[in-house]
Amino acid sequence: MSKVEDFLSVQEEQEIITAIRKAERSTSGEIRIHIETHTDIDHFDRTLEVFHLLKMDNTRLQNGVLIYVAVDDKAFVIYGDEGINKVVPPYFWDTTRDVIRNHFSQGNFKQGLIEGVLQAGRELEKHFPWDVDTHEDELPNEISRG
Ligand code: CA
């Protein structure tokens with residue numbers, strides 16, 4: 001089994017965190033990434049579990065987005081909170097998903113996450129623009145590991 005540390009170096013992780021900060025400058029949405037090696041349960045169910053564990057369901061506008069990655073399972077899930085699902089069209093995350101999948105399929109994990117985060121930010125901006133009066137960084141900009 002590979003280790004999560006093999007998946008991204010510290011330097012690469014910093015570059016992804018920079019991308020999260022950049023994406024969150026244009027939207028009130030809150031983006032997080034969780035990486036683990038493997039889960040025995042369904043990836044979508046696990047994503048929901050992590051979403052709650054990270055308290056991502058506590059944002060004011062319910063607009064947290066979690067990009068969940070299970071390295072050994074070669075699987076990832078993008079999950080947006082209820083506030084997002086209420087206002088976006090179906091297949092909202094397809095563009096972001098395709099961006100990540102294209103990079104991952106070529107083994108470009110760091111670039112896949114960076115481009116995915118930036119794309120998610122652009123999609124979120126249309127529905128949740130950055131609000132100078134009320135915006136605060138509600139969730140830490142860091143990558144959590146399982
Ligand atoms: Ca944040």
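Residues numbered from 1 in each chain as written. Predicted model: local features only at pLDDT ≥ 70, side-chain atom pairs only at ≥ 80, totals over all residues. Heavy atoms only, no water.

(A) Fine view of the pairing of strand β3 (residues 75-80). A large share of β3 lies buried, amounting to six of its six residues. Here β3 shows a buried face lined by Ala75, Val77 and Tyr79 and a second buried face lined by Phe76, Ile78 and Gly80. The pairing of strand β2 (residues 64-70) with β3 spans six bridges and is classified as antiparallel. Note on β3: the bridge partner recorded for Ala70 is Ala75. Where β2 folds back on β3, the antiparallel hairpin that results is connected by four residues, among which Lys74 adopts a positive phi of roughly 50°. (Buried < 20%, exposed > 50% of the residue type's maximum accessible area, 1.4 Å probe, protein only. Helix = DSSP H or I, 4+ residues; strand = E, 2+ residues; numbered from the N terminus. Pairing = 2+ DSSP bridges.)

(B) Region of interest: helix α3 (residues 43-53). All of the buried residues along α3 are Arg46, Thr47, Val50 and Phe51. Axial view of α3: buried residues confined to an arc of 145°, hence all on one face. Lining the buried residues of α3 we find β1 (30-36), β2 and β3. Of the residues that open α3, the one with a side-chain oxygen 3.0 Å from the backbone nitrogen of Phe44 is Asp42. Phi for Lys55, located one or two positions after α3, is positive at around 55°. (Arc of directions from axis to C-beta. Contact = heavy atoms within 4.5 Å. Polar contact = N/O pair within 3.5 Å; in protein donor to acceptor, adjacent residues only side chain to side chain.)

(C) Just the packing of helix α5 (residues 94-105) against helix α6 (residues 109-127), in detail. The geometry of α5 relative to α6 is characterised by a closest axis approach of 8 Å and an angle of 170° between their N-to-C directions. Compared by their axis directions, α5 and α6 come out roughly antiparallel. Residue-level inspection shows Thr95, Thr96, Val99, Ile100, His103 and Phe104 of α5 in contact with α6, the latter providing Phe109, Gln111, Gly112, Leu113, Glu115, Gly116, Gln119, Ala120 and Glu123. In the contact of α5 with α6, the residues fall into six nonpolar, seven polar and two charged. (Axes fitted to C-alpha atoms, helices over the stretch in contact; angles between N-to-C directions. Parallel < 35°, antiparallel > 145°, perpendicular 65-115°, else oblique. Nonpolar A, V, L, I, M, F, W, Y, C, P; charged D, E, K, R; others polar.)

(D) A look at the pattern of salt bridges. One pass over the structure, following the stated rule, counts nine salt bridges. In this structure, Arg46 engages Glu49 in a salt bridge whose closest nitrogen and oxygen atoms are separated by 2.6 Å. One end of the pair is Arg46 and the other is Glu49, both in helix α3 and three residues apart, which spans about a single turn. Classification of Arg46 by relative accessible area gives buried; the value is 13%. Classification of Glu49 as partly exposed rests on a relative accessible area of 39%. Where Arg97 meets Asp94, a salt bridge forms, and the shortest distance between an N and an O atom there is 3.4 Å. With Arg97 and Asp94 both in helix α5, this residue pair falls three residues apart, about one helical turn. Looking at Asp94, the relative accessible area reads 25%, which means it is partly exposed. (Salt bridge = Lys/Arg side-chain N within 4 Å of Asp/Glu carboxyl O.)

Structural measurements only, silent on function.
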